[in-house]
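Here is what each chain is made of, one letter per residue.
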Amino acid sequence: MDIRLISSGDEAACNDFHNRLYRHHRTMSQWRWEFADNTYGQTPIPFAFAKVDDKIVGTQAFIPIRMIDRDGVYWTAKSEATLVDPDYRGQRLFEKMYELLFRYAEEHEFSYVWGFTPAIKAFTRLEFTVPGVTQQLFMPFSSRSVTAMLGKLPRDRPGGARDRIKAATLRAGITAARMASAVSIALTSRKLPSGLEIRTMQEPDAQAGNCCKRFIEQWGGTTIYRDSNYLRWRLFENPYVKSVVRAIYEGDELLGWTAYTLGDDGLGYLVDMLISCDESRYKPSSLIRILLLEAVLGTRNMGATGIRGWRVNQHPFDRLVCREARKVGFYHIKRGHSVVLYNCPAQRVRAGYGKFDDWYISRIYTEGVLS
Amino acid sequence: MMTTAPVEYVRAQITNHARLFFTEPAARLLQSDAIRFLTYAEAVAMRGRQIVIPVDLPVPPVPELPWQVQFNGTVLTLWNRAPHPDGDHWRAIPNETAPVWYQHVSGTLMPSWNLFGNTFDLLTFGEEQRLSQRDHHDRFAAAFSPRLERGLLEVPAVNETVALVVAAVVAMSHTGQPSFTLDCLSGPPVVVLSHDCDALLGNDFWTQSVRLYRFIQSLVRLRLPRLSNLWWLARNAVTPRRFYFDNATGMIDIERCFGYTSTFYLLNGSGGRFGARSPFSVIPQLLEHIPPSWDIGIHYNYDTFLNQDRFAAQLEQLQEVVSHQFVSGRAHYLKFDPFRSFSFLQQFGIYVDESSGWADYVGYRNGIAGCFQAYDTEKQLPLDIWEVPMVIMEAALIKQHGADAVNFVERQLQHLSCIGGALTILVHPGQFFNPEHRQMLGIYHELLKVCRRMGAITHTARSLVDQLRR
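Calculation notes
- Residues numbered from 1 in each chain as written.
- Chains lettered and ligands numbered in written order.
- Predicted model: local features only at pLDDT ≥ 70, side-chain atom pairs only at ≥ 80, totals over all residues.
- Helix = DSSP H or I, 4+ residues; strand = E, 2+ residues; numbered from the N terminus.
- Buried ≥ 20, exposed ≤ 12 C-beta atoms within 10 Å, placed from the backbone.
- Contact = placed C-beta atoms within 7 Å.
- Nonpolar A, V, L, I, M, F, W, Y, C, P; charged D, E, K, R; others polar.
- Domains from an automatic or database assignment.
- Core = buried A, V, L, I, M, F, W, Y, C linked by C-beta atoms within 7 Å.
- Axes fitted to C-alpha atoms, helices over the stretch in contact; angles between N-to-C directions.
- Parallel < 35°, antiparallel > 145°, perpendicular 65-115°, else oblique.
- Left-handed = near helix turned anticlockwise from the far one by under 90°.

## Comments concerning the overall build of chain B
What chain B contains, in helices and strands, is 18 helices and 17 strands. Expressed as lengths along the three principal axes of its C-alpha atoms, the size of chain B is roughly 80 × 45 × 40 Å. Here chain B holds 470 residues, and the buried ones make up 50% of them. Pairs at least 24 apart in sequence give 74% of the contacts found in chain B among residues at least 6 apart.

So this is what it looks like as structure tokens:
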């Protein structure tokens, strides 16, 4: 068995392996965007694979992501492409591929490795912690959103009478819920305070990185460093689905943005939300409300059956977004996937990471496809 | 005796098409001496490694029985067979029953179908010249086309022709034998998206009247009325932008998510049942939402048809709110005369038109998925105005294909990905996502997903044509 980092010429086989096991049609340009042409720009890329007799039997990769805390910008990695051929399970392939990647993380001074997964056991064996669970903010626009939501939320048992009853109950509940949400939206003022302007970003704004720095100064903790390069890669050049970025400005100064999109399942997705207004005369809550409304109306006009976002932990901005979202008509559903986190031992403990509640996490952390 | 103008015209259109959808060397080969347009007698007499295309074969008013051939992973449809040259020195390729080429032992290749006649006839609206039938809007409906009975309206015949010629000319230059594959000679399929902004508000007099009429009509006929008509009447009275103006902005956003762009054709001028349904004041508001990479064109009002004063007035009003000159457009209700409208539109600076399509049918009115130069058949001159025929209009798509609509588009794109071409899709804002038209819900999203899955790239009609005019 050959376990090593990917080199030129191995890409197509690794992508084929993914498509074969998941029955997906991921293109090579999507693969390249995700693993090779991301913002890291270093070779070799952190993509490990296991091969037996010219056959790929396992993959495990990192997507290097820069994060920011009050001490500055640092590299982390999102765990991605975790996949082992069922015929080769029990042979510690996952661990062996991770050995390579942990070494890579050490050499390249990554501070954390993180990810989202329903399969936490494999990760806890590698000393990952499970500090939290992604929860949902959800607003239905149509009862058809039930189908999509049922497909997304972890099921107790696949198919069967239980699911049907659940669907019927959900449909009835969602009809009532969407009417209540519609009333909330109607009652939410759409008037923009004077001095503020909302624009669609046609290109990533060069102020984005600075805005992100100010965000950390205002709210503390740590989050993905969303400079214009990152936004371009993650939101504007995403070959799976791009996002609409609506930004809020005071004069020409960028105060924050919301990013939203329409998933293949017909649901709208609140991909990101970020506000930095410490030096401005506007209340963060009112700016958040304005941007939430932009995302709600924007996805609704795109024909979404509902909109969903994440609510993850007790970071003050996450809490505030959740509070305002509920005012606008979102519902908080406490179900989702586990967050797994590995603190790279060679790195010093970052100021932003005392506890998991210091992490501000939005759906932008999914880094690729939305699901 | 045929003049050289039609020959030059057809050669230019084939070359232009190749420039858009094939590699540059392949397009260059089409302009070379490797292809010659001759009379049938001259073509039969030619010898040596070259493609000879007869230009004097008559085009029958009703297409002769078509046949199909395998090519580059898809199936092509040919019709109007060219006579097999006499003698043992010519053989049919790939076979006598479904031939594509006749080849002389010296290497000369001749198409087995009336390549020149069919192409010229399709691009110059031959059927419409020969037939006088028109519908109550004075349009040539798909039902009048003799191609309908033969099942040829959904055949992009010009694209298939160019693909066959490109494959043959490139292979001939190497091996002396025609090829039936393109081997990376063609690019990805192109999708040309557009939106006719007929109604941007749902509370206009005519839309509301229709709803009320439908409700009352049921009562008069002692049938149970559809209360939804009253619901939509009331709902759009309170929120007139919902499912109309809001849909236009939603379409921009959804296209942005897919990395696609489109053209918005703006309708203004006279109101009325066949006129502009929304007040002009809504147009500047819509313009604020249209990003710079999207295109804006004029949707020629119904009553401006060949009327200089009215057309000028409509254009002038639009120019008050748009700084750049309008160069592209489509006729409202597709009310358009292929023999008079092109030169008429040219006078107003329009050089891209998307009117050549059918309101009642999804198909290739000119047998082309792409664009071509208009041709003045009287003066025998190509005009500097280009037609990008409309292939798919959402309402016709659903009416014709129902639940299979998205699969139909996928099949068309799959076909075009094998032969090169641009599929045009028109979706009205009022139909994009409107629960009043339930069968339309989600259709545009599904279509865009298919386009992405097929690797389609996007162009607006104007950007497609500008590539050729440069």
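## Describing the interface of chain A and chain B
Contacts between chain A and chain B engage 14 residues on the former and 16 residues on the latter. Only strand 11 (253–262) and helix 9 (284–301) of chain A provide two or more residues apiece to the side of chain A that touches chain B. In the side of chain A that touches chain B, the residues fall into 4 nonpolar, 8 polar and 2 charged.

## Topic: the domain arrangement of chain A
All names here are of chain A. Looking at the assigned domains, one finds that chain A contains domain 1 (2–129) and domain 2 (136–336). A straight line from the C-alpha centre of domain 1 to that of domain 2 covers 28 Å. The interface is formed by 13 residues belonging to domain 1 together with 15 residues belonging to domain 2. Among the residues forming the side of domain 1 that touches domain 2, the class breakdown is 6 nonpolar, 4 polar and 3 charged.

## A closer look at the nonpolar core
All names here are of chain B. Counting residues in hydrophobic clusters, the biggest one holds 239 residues, and the most contacted among them are Val-166, Val-169 and Leu-423. Tallying contributions element by element places helix 7 (residues 157–174) first for this core, with 12 residues. When neighbours within four sequence positions are excluded, Val-166 is seen to be in contact with Ala-18, Phe-22, Ala-26, Leu-30, Leu-182 and Leu-185.

## Examining the packing of helix 15 (residues 405–419) of chain B against helix 17 (residues 443–453) of chain B
Residues and elements named next belong to chain B. Axis separation between helix 15 and helix 17 bottoms out at 10 Å; the angle between their running directions is 25°. With respect to each other, helix 15 and helix 17 are oriented roughly parallel. Judged by the twist between their axes, the crossing of helix 15 over helix 17 is right-handed. Together, Ala-405, Val-406, Val-409, Glu-410 and Leu-413 of helix 15 and Ile-443, Glu-446, Leu-447, Val-450 and Cys-451 of helix 17 make up the contact between the two elements. The residue makeup of the contact of helix 15 with helix 17, split by class, is 8 nonpolar, no polar and 2 charged.

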